[in-house]
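This is what each chain is made of:
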Amino acid sequence: MISWIEGDAPFPDAAQALGADSDAPGLLAAGANLSPERLLQAYRGGIFPWFSEGQPILWWSTDPRMVLRTTEFIVSDSLKKSLKKVEKSMLSGGQWEVRFDSAFEQVIRACAQPRKLGAGTWISEDIVAGYCGLHTQGYAHSSELWSKGELVGGAYGVSIGGMFYGESMFSRTTDASKIALAYLVHHLKSNGVTLIDCQQETAHLASLGAHPISREAFLLHLREAIQLPQIKVWEVPHLF
């Protein structure tokens, strides 16, 4: 039985989420709201929102949990070639540019667009408002790839202390989201972040080096990581 959260009631402990033998493994609670304050409470407890249009707000803590260690991010030969092209362009004032946080709402709305292999998205207007609120408060960030002044790819997520929670990515050209992610991973690694939360297991994330760990191990890391100092400066690094 999952909990229904009313008003300012706290979230249940993440370990109380439904188990693998249920119809919704990892489902913990329903209700509450998507205010920045509520989202921060959830992330600090290892909980994230995920629901479809017409459903109440659903809160999850999956077991196992998909994570990407910043030292294990896989850069394929083709991606490395793309990254060198972008890096050269930025140094010479060419068509390609990576930016952080210059168009956060554009990125999240681009992530909300229907995908080729799917009809809809879980990123509702309430989600957009909540995460834009987190961005205003300095907790949510975007990594963006631009071509000739047009946004062509990006990724966004939530940063608390030494923990980063990846949310979604999008591409409008080859390797665009991977390029944005590569710069983001390098920045996080340089600032002492060792683990990126990817939430749910997918083949695409696995191809980039992500792998599942137990919820217990994830929560143990999380409790220590969120106590570290917040990343204050978000500047695009040089990769080469």
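Anything mentioned here points back to the structure above.
Residues numbered from 1 in each chain as written. Predicted model: local features only at pLDDT ≥ 70, side-chain atom pairs only at ≥ 80, totals over all residues. Heavy atoms only, no water.

S.K.: Looking at this model, I keep getting lost on the pairing of strand 5 (residues 65-69). Mind explaining?
M.R.: The side chains of a regular strand alternate between both faces of the sheet. Taken across its five residues, strand 5 has four buried, putting it largely inside the fold. Inspection of the sheet shows strand 5 paired to strand 11 (residues 211-213) by three bridges, in the antiparallel sense. Bridge pairing links Met66 to Pro212 in strand 11. Note: strand 5 against strand 10 (residues 195-199), four bridges, orientation antiparallel. Note on strand 10: the bridge partner recorded for Val67 is Asp197. (Buried < 20%, exposed > 50% of the residue type's maximum accessible area, 1.4 Å probe, protein only. Helix = DSSP H or I, 4+ residues; strand = E, 2+ residues; numbered from the N terminus. Pairing = 2+ DSSP bridges.)

S.K.: Whenever I open this one, unusual backbone geometry confuses me. Can you help?
M.R.: Excluding glycine, residues mostly carry a negative phi; peptide bonds, for their part, are mostly trans. In this model, Asp63 is joined to Pro64 through a cis peptide bond whose omega is 10 degrees. Tracing the backbone shows Pro64 in the loop between strand 4 (58-60) and strand 5. Within the chain, Ala32 stands out as a residue other than glycine whose phi angle is a positive 65 degrees. Structurally, Ala32 can be placed in the loop between strand 2 (27-31) and helix 1 (36-44).

S.K.: Can you walk me through the sheet that holds strand 6 (residues 96-100) in this structure?
M.R.: Read from one edge of the open sheet, seven strands run 6-7-8-9-10-5-11, paired in mixed fashion. Looking along the sheet, the strands with just one partner apiece sit at the ends: strand 6 and strand 11. Recorded for the sheet is a direction-independent mean angle of 30 degrees between the axes of neighbouring strands. As defined by bridge partners, strand 7 (residues 140-147) adjoins strand 8 (residues 150-160) across eight bridges and the pair is classed as antiparallel. Bridge pairing in strand 8 links His141 to Gly157. Running over the sheet, helix 3 (residues 104-111) touches strand 7, strand 8 and strand 9 (163-171) and is turned about 100 degrees from strand 8. Strands strand 5, strand 8, strand 9, strand 10 and strand 11 of the sheet are contacted by helix 7 (residues 215-225), whose axis makes an angle of about 110 degrees with strand 9. (Axes fitted to C-alpha atoms, helices over the stretch in contact; angles between N-to-C directions. Contact = heavy atoms within 4.5 Å.)

S.K.: Explanation requested: the packing of helix 3 against helix 4 (residues 125-136) in the structure shown.
M.R.: Any two packed helices are characterised by the angle at which their axes cross and by the distance between the axes. Relative to each other, helix 3 and helix 4 sit at 150 degrees, their axes nearing to 10 Å. Judged on the interaxial angle alone, helix 4 and helix 3 are roughly antiparallel. Here helix 3 and helix 4 pass one another in a crossing that is right-handed. Contacts from Phe104, Glu105, Ile108 and Arg109 in helix 3 reach Glu125, Ile127, Val128, Tyr131, Cys132 and His135 in helix 4. (Parallel < 35°, antiparallel > 145°, perpendicular 65-115°, else oblique. Left-handed = near helix turned anticlockwise from the far one by under 90°.)

S.K.: What is the right way to look at the nonpolar core in this model?
M.R.: One broad rule of soluble globular proteins: the nonpolar side chains tend to lie buried together. Among the nonpolar cores identified, the biggest contains 53 residues, and Trp59, Ile123, Tyr131 and Tyr156 are the most heavily contacted of them. Ile123 has contacts with Ile108, Cys111, Ala112, Val128, Tyr156 and Ser168, leaving out every residue within four places of it along the chain. Judged by nonpolar contacts, the second largest core, of 30 residues, contains Val152, Phe164, Ile196 and Ala210. (Core = buried A, V, L, I, M, F, W, Y, C linked by side-chain atoms within 4.5 Å.)

S.K.: Sorry, what's going on with the side chain of Ser61 here?
M.R.: Within the secondary structure layout, Ser61 lies in the loop between strand 4 and strand 5. For Ser61, the side chain forms a polar contact with the main-chain oxygen of Gly46, separated by 3.2 Å. What Ser61 contacts, discounting residues up to four positions off in sequence, is Ala14, Ala17, Gly26, Gly46 and Arg215. (Polar contact = N/O pair within 3.5 Å; in protein donor to acceptor, adjacent residues only side chain to side chain.)

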